[in-house]
Amino acid sequence: MTTLDDLPIRDDLRGLTPYGAPQLDVPVRLNVNENAYRVPEAVALDIVQEIARALPDANRYPDREFDALRRAFADYLGHGLEPEQLWAGNGSNEVLQHVLQAFGGPGRSLLSFTPTYSMYPLLAQGVGMRWVPVPRGAGFTITPDAVRAAIAEHDPDVVFLCSPNNPTGTAIDLEVVEAAAEAARGIVLVDEAYAEFAHDRSQTALSLLERHPRLLVSRTMSKAFAFAGIRVGYLAAHPAVIDALRLVRLPYHLSAITQAAAVAALRHSDEMLSRVDELRTQRDRIVEELTALGFQPYPSDANFVLVGGVADPQATFRALLDRGILVRDVGLPHTLRITAGTRAETSAVLAALADLGAE
Ligand SMILES: *Cc1c(COP(=O)(O)O)cnc(C)c1O
C-alpha cells in the first residue's frame, strides 16, 4: 500500500503535518474562534435570493475582478478606500497566500512575532519561504523598538503583524505598525481578522494605508460576520499591490456563489455584526470571572481569551471535553485558549473551570 512517504513529494514537505484543529460534534464548541451566533434568518434569506439571481448565469465564468464585491468592501471599511484598493479570496488565508506568492517565495523570508497565528509558518512553507519567528516581549506585547531591532537584524522580505493577535488576544499600537512600515524594505501586512472585536475599533492600520504604499491590511468575514463556512477574506492596500496579487491568483478564483453571498451579506452588515457586542461582553466576562477563580487570563481584544494558570492543559482539555466543551490547547505551557460563546456557552465553560479549579 502506498503511503505519503512513498510518494515523490517535495523534500521540504517531507514529515510535515497539515493544519488540523479537531472538528468534533460536541454541544459547546469554543476552539476555532468562530462566531457563536448563526447567520440571522432574514439575512440568510436575502443571501439565498442573491445566489438564486446569480445561478442561471453559472454557465459563464464569474466576474474575475469581482467589482461589486470590491465596491462593497470599500464601503464597509470606509477610511476613504476605493475599490481598486481592495482584494478578496476564499478566506483570508488564501489572501495571505496570494501575498506570499507575489512578494515572498524561495530565497525570501517571512518574519512575525511569536506566539502568533499557526498558519503563518505553514503558508511560508507552502511557497518555499524561510520562516523567521521573533519572540514577543512580556505579556506577549511588541514595542516599536523591538520591531525595529528585529527588522534590522533579519531584513525580512515580508512582515506579518497579527492584531489582535491569535492566540494571545493582544492588540498592537499603531506606533508599532508605523515603526514596521518605516523600517522594513519589504511588505508589512497587518492581519486584522479580529478587528471588529477590539475594545477600541478606531485603532486600525487602515488609517495608515495612505502614507505607506507597502502596508497591507487583511480582514475576514469568518469571525465578526459569522461567515466562516462561506470562505471570504479580503485585504486593503495600494492599487499597485492589488496588481501584484492579480499575477498569482488562479483565474476566476472567487465563485459567482461566493461573490453573491458576500455582496448580500455586506448589505446587512449591521445585522451580521449585531452579535459582536454580545461576544465582546462574554470575552470580558471570561477574563473577569477566570481572574476571580485564580486563573491568569491575558487581556484580549479578540473573540477569545488565552487563559494562563492552567496546571495541566492537556488534562483540563480532556476534562472539559468530557463535559461536552471543546477548547484549544495551542501548545503554550499552562494555557488554554477559549473562544467567547453565547452567554449560555460561556457560562458552561466558566462553571466547568470553576469546578476543575486553577493551578
Ligand atoms: C481565523 C483567522 C483568520 C481567518 O481565516 P479565514 O481563512 O478568513 O477563515 C486569519 N487570520 C487569523 C489570525 C485568524 O485567527
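Per chain, residue numbering runs from 1 following the sequence as it is written. Selection of residues for local features in this predicted model requires a pLDDT of at least 70, selection of side-chain atom pairs for listing and counting requires 80 or more, and totals for whole chains, interfaces and linings are taken over all residues. Excluding hydrogens and water, the side-chain figures rest on all heavy atoms present in the structure.

A. Local environment of the sheet that holds strand β6 (residues 187-191). One open sheet holds the 7 strands; their spatial order is β2-β8-β7-β6-β5-β3-β4, and the pairing between them is mixed. For this open sheet the edge positions go to β2 (86-89) and β4 (130-135), each flanked by a neighbour on one side alone. Taken pair by pair, the neighbouring strands of this sheet meet at an average axis angle of 25°, ignoring direction. On top of the sheet, helix α2 (residues 67-77) reaches β2, β7 (215-220) and β8 (233-236); it is set at about 115° to β2, its chief contact. Paired strands, in this sense, are two strands between which DSSP finds at least two bridges. Helix and strand labels come from DSSP, where a helix needs a run of H or I of at least four residues and a strand needs a run of E of at least two; each type is numbered from the N terminus. To get an axis, a line is fitted to the C-alpha atoms, and for a helix only the part in contact is used. The angle between two axes follows their N-to-C directions and goes from 0 to 180 degrees. Residues count as neighbours in contact if any of their non-hydrogen atoms are within 4.5 Å of one another.

B. Focus on the pattern of salt bridges. A pairing counts as a salt bridge when a side-chain nitrogen of Lys or Arg comes within 4 Å of a carboxyl oxygen of Asp or Glu. If you walk through the whole model with that rule in mind, you get 21 salt bridges. Between R10 and D12 there is a salt bridge, with its nearest N and O atoms 3.0 Å apart. Note on R10: relative accessible area 38%, which makes it partly exposed. Across the pair R246 and E65 runs a salt bridge whose closest N-O atoms are separated by 2.8 Å. Taken together, the positions of R246 in helix α7 (residues 239-246) and E65 in the loop between α1 (41-54) and α2 put the pair 181 residues apart, joining distant regions of the chain. Residues participating in the shared-partner salt-bridge network are E65, D67, R70, D243, R246 and R249. Each residue gets one of three labels from its accessible area relative to the maximum for its type: buried under 20%, exposed over 50%, partly exposed in between, using a 1.4 Å probe on protein chains only.

C. Region of interest: the sheet that holds strand β9 (residues 296-297). Strands sit in the order β9-β10-β12 across an open sheet of 3 strands; the sheet is antiparallel. With partners counted over all chains shown, the strands left at the sheet margins are β9 and β12 (336-339), one partner each. Bridge count for strand β10 (residues 304-308) against β12 is 4 bridges, and the pairing is antiparallel. Bridging from a neighbouring strand, L306 pairs with R337 of β12.

D. Representation of helix α5 (residues 144-154) in the model. The set of residues buried in α5 consists of V147, A150 and I151. For α5, the buried positions fall inside an angular range of 95° around the axis, keeping them on one side. The exposed residues of α5 that point more than 90 degrees off its buried face are D145, A152 and E153. Downstream of α5 by one or two residues, D155 has phi in the positive range, about 45°. What the arc describes is the spread of directions from the helix axis to the C-beta atoms.

E. A look at the site of the ligand. Note on definitions. A residue lies near a molecule or strand when any single heavy atom of the residue is within 4 Å of it. Residues in close proximity to the ligand total 13 residues, the closest being S92, Y194, T220, S222 and K223. Any pair of N or O atoms that falls within 3.5 Å is considered a polar contact. Within protein, one atom must be able to donate a hydrogen and the other to accept it, and sequence-neighbouring residues count only if both atoms are side-chain atoms. At 2.9 Å from an oxygen atom of the ligand is found a side-chain nitrogen or oxygen belonging to N93. In the model, an oxygen atom of the ligand is placed 3.3 Å from a nitrogen or oxygen of the K223 side chain. The Shrake-Rupley method, run with a 1.4 Å probe, gives the accessible areas here. Residue values count only the displayed protein chains as cover. In the complex, the protein chains occlude 95% of the 390 Å² of accessible area that the ligand would expose alone.

F. The domain arrangement of the protein, seen in detail. Assigned domains within the protein: domain 1 (4-38 + 270-358) and domain 2 (41-267). Boundary definitions for the domains trace back to an automatic or database domain assignment. The gap between the C-alpha centroids of domain 1 and domain 2 is 23 Å. Counting residues at the interface gives 30 residues for domain 1 and 33 residues for domain 2. The term buried area means the drop in 1.4 Å probe accessible area that two parts suffer when joined, counted for both and summed. Summing both partners gives a buried area of about 2,600 Å² for domain 1 against domain 2, and 60% of it is carried by carbon and sulfur. Of all residues in domain 1, M272, R280 and D301 bury the most surface against domain 2, accounting for 27% of the area lost on that side. Residue D277 is joined to R201 by a salt bridge in which the shortest nitrogen-to-oxygen separation is 3.1 Å. Applying the counting rule to domain 1 against domain 2 returns 17 residue pairs in polar contact (both at pLDDT 80 or more). Only α9 (269-272), α10 (276-292) and β10 provide two or more residues apiece to the side of domain 1 that touches domain 2. Here the side of domain 1 that touches domain 2 takes 6 residues from α10, the largest share from any one element.

G. Inspection of the packing of helix α11 (residues 313-322) against helix α12 (residues 343-356) at higher detail. Packing of α11 against α12 leaves a shortest axis separation of 11 Å and a crossing angle of 125°. Relative to α12, the element α11 lies oblique. With respect to the hand of their crossing, α11 and α12 are arranged in right-handed fashion. Touching T316, A319 and L320 of α11 are V349, A352, L353 and L356, all from α12. Oblique is the label for any angle not covered by the other classes, which are roughly parallel (under 35 degrees), roughly antiparallel (over 145) and roughly perpendicular (65 to 115). Handedness of a crossing follows from how the near helix is turned relative to the far one, being left-handed for an anticlockwise turn of less than a right angle and right-handed for a clockwise one.

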